[in-house]
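# Secondary and tertiary structure notes
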Amino acid sequence: MTNGQEVLITGLGVVAPTGVGADAHWQAVLAGKSGIARITHFDPTPYPVRLAGEVKGFVATDRVPRRVVPETDRWTQLALAAAGEALDDAGVDLSAMPEYEIAVVTSSSSGGTDFGQHQMQNLYQNGPSWVGVYQSIAWFYAATTGQLSIRHGMRGPCGVLCGEQAGGLDALGQARRLLASGTRLVVSGGTDASLCPYGLVAQLSSGELSAVDDPVGAYLPFDVDASGYLPGEGGAIIVVETAAVAHERGTEAYSRVLGYAAGFDPRPDTGRPPALRRVIERALKDANLRPDDVDVVFADAAGVPARDLAEAQAISAVFGPRGVAVTAPKTLTGRLYGGGAALDVATAVLAQRHGIVPSTAGPTRLAPGCELDLVTSPRQPARLRTAMVLARGHGGFTAALLLGRV
Amino acid sequence: MSTFTLDDLRELLRRADEHADLDGDIANTQFVELGYDSLAVLEIASEIQRRFGVVVPDDAVLAMPTPAKAVEFINALFARCGA
């Protein structure tokens, strides 16, 4: 799919409820240390959902150029910090690369809800001339891509994918397409930060958030007591480049992107099944792999009983009941929407590097019909070469990505 | 408020960026060289609008490439509005 060129992941940057920095995040995931707690960004008392995965101790002015702070939402600030880590990690000097051959493609979902809420408050409390000019560039879904492009001088074919929780895989799919047609390096992945009253109320409208007021008992994917999911903020920025460019730069890579597929669920009244099974099959075909080549599946893990069952059925249909190890470290962070699938990819890449499949904290009893080999304590399998990451976004977005060792 | 001075403008510029270097002779330095892009200048124009109750037209940014031009423009605006 890339003119014979391998696509390599060469840099990771993580800003997550589990930790700031890829290593801090990985250590927390291994230890099963949850980042879910009572919301502190605002007083959640009047709301039916009071728990979320917040990024702790992130002060924008410490992490982001000061001039950029007043014109960006927290979601973009998290991404700028994560991109700094990812680019350092990749050891790349972007100024030495042709500016039109380096690009940014991020995943976005909520956009600048916190920034926007403040401007709406200015509007309603004071009037139109009180809305700050930066609202024009802070809220919209492409702001992170734009700010990264400007900051790092990346003038290649930049863009943004909005597929809610699936977008992080779609952004990498797009990055792969670009690397097949003249782009040398892509800064990809994504973040989200919608833990403000306006953001939370928007999320509540899906009806899929859990109202269980217990950080350990609220988000239990595939469990008999599944009651929905919890939201979180953060994500991961991922540097991808062709093998040729990486070798030329003399940099080590984490993993290879072996295959990718995307689809969209049919309307509920059509009687057709959800897209996930076919997307898994097409991703395997794209990678030229068979189901038994896959060593672990990082599940979408919606936590909503019907969606859990649909995912479990799709996985079982392809891999056989309990036919592959399945895990979802995202119970430690909540679902991160625009940042969620990107963080899953970062975690999967780290799992491959360390040879350890992290566990799924929370679920203790599988729901009927969920015939999965769910990893509930960390495993060091004999073989951890190929990982599949699944992601489904609100409304029907569905994507799958396959990662291999280098 | 009858005249708007360069020091008044400095105060607004500092509000937008407290670390900016505005102490020297900045009157004829392009805003963009001082680190203020067109959106930053528009934001300063909006602040003037809010503070002094004058209507600042949207294309004011084009008339204000430097601090000196900005001060001139704002004083002309005040004179027209009787501020």
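Residues numbered from 1 in each chain as written. Chains lettered and ligands numbered in written order. Predicted model: local features only at pLDDT ≥ 70, side-chain atom pairs only at ≥ 80, totals over all residues.

Broken down by element type, chain B carries 4 helices and 0 strands. When the helices and strands of chain B are read in sequence order from the N terminus, they spell out α-α-α-α. Its C-alpha radius of gyration of 12 Å places chain B within 12% of the 12 Å reference for a compact globule of 83 residues. Here the C-alpha coordinates of chain B stretch approximately 35 × 20 × 20 Å along the principal axes. Considering only intrachain contacts with a sequence separation of at least 6, the fraction spanning at least 24 residues in chain B is 53%. (Helix = DSSP H or I, 4+ residues; strand = E, 2+ residues; numbered from the N terminus. Rg over C-alpha atoms; globule rule 2.2 N^0.38 Å. Contact = placed C-beta atoms within 7 Å.)

Our focus in this paragraph is the interface of chain A and chain B. With 8 residues of chain A at the contact, the number on the chain B side is 9 residues. Here the residues of the side of chain A that touches chain B sort into 4 nonpolar, 2 polar and 2 charged. (Nonpolar A, V, L, I, M, F, W, Y, C, P; charged D, E, K, R; others polar.)

All names here are of chain A. Despite not being glycine, Asn 288 has its phi angle at roughly 60°, a positive value. The residue Asn 288 is located in the loop between α10 (276-287) and β10 (296-298) in this model. The phi angle at Arg 322 is positive, at roughly 50°, despite the residue not being glycine. Within the element layout of this structure, Arg 322 appears in the loop between α11 (305-319) and β11 (325-327). Residue class for Arg 322 comes out partly exposed when judged on the 14 C-beta atoms lying within 10 Å of it. (Buried ≥ 20, exposed ≤ 12 C-beta atoms within 10 Å, placed from the backbone.)

All names here are of chain A. The contact between α10 and α11 brings their axes to 8 Å, and the two run at 40°. With respect to α11, the axis of α10 lies oblique. Judged by the sense of rotation from one axis to the other, the crossing of α10 with α11 is right-handed. Across from Leu 276, Arg 277, Ile 280 and Glu 281 in α10, the residues of α11 making contact are Ala 310, Glu 311, Ala 314, Ala 317 and Val 318. Of the residues contributing to the contact of α10 with α11, the split by class is 6 nonpolar, no polar and 3 charged. (Axes fitted to C-alpha atoms, helices over the stretch in contact; angles between N-to-C directions. Parallel < 35°, antiparallel > 145°, perpendicular 65-115°, else oblique. Left-handed = near helix turned anticlockwise from the far one by under 90°.)

So, about the environment of Arg 184 of chain A. Residues and elements named next belong to chain A. Assignment of secondary structure puts Arg 184 in the loop between α7 (167-179) and β7 (185-192). Between the C-alpha atoms of Arg 184 and Val 245, which are 61 residues apart in sequence, the distance is 6.5 Å. Discounting chain neighbours no more than four positions away, the residues touching Arg 184 are Met 97, Glu 101, Ile 102, Glu 241, Thr 242 and Val 245.

All names here are of chain A. For β7, the tally of buried residues reaches 8 of 8 residues, placing the bulk of the element in the interior. Along β7, one buried face is formed by Leu 185, Val 187, Gly 189 and Thr 191 and the opposite face, lined by Val 186, Ser 188, Gly 190 and Asp 192, is buried too. Inspection of the sheet shows strand β5 (residues 102-107) paired to β7 by 4 bridges, in the parallel sense. Pairing of Val 104 across the sheet is with Val 187, part of β7. Bridge analysis of β7 against strand β8 (residues 234-242) gives 8 bridges, and the strand direction is antiparallel. By the bridge assignment, Thr 191 is partnered in β8 with Gly 235. (Pairing = 2+ DSSP bridges.)

All names here are of chain A. In this fold, Tyr 141 is placed in the loop between α5 (135-138) and α6 (143-152). Tyr 141 gets classed as buried once you count the C-beta atoms within 10 Å, which come to 20. Put simply, Tyr 141 and Thr 242 are 101 residues apart on the chain and 27 Å apart in space, counted from C-alpha to C-alpha. If we skip the residues at most four places from it in the chain, Tyr 141 touches Ser 108, Gly 111, Val 160 and Cys 162.

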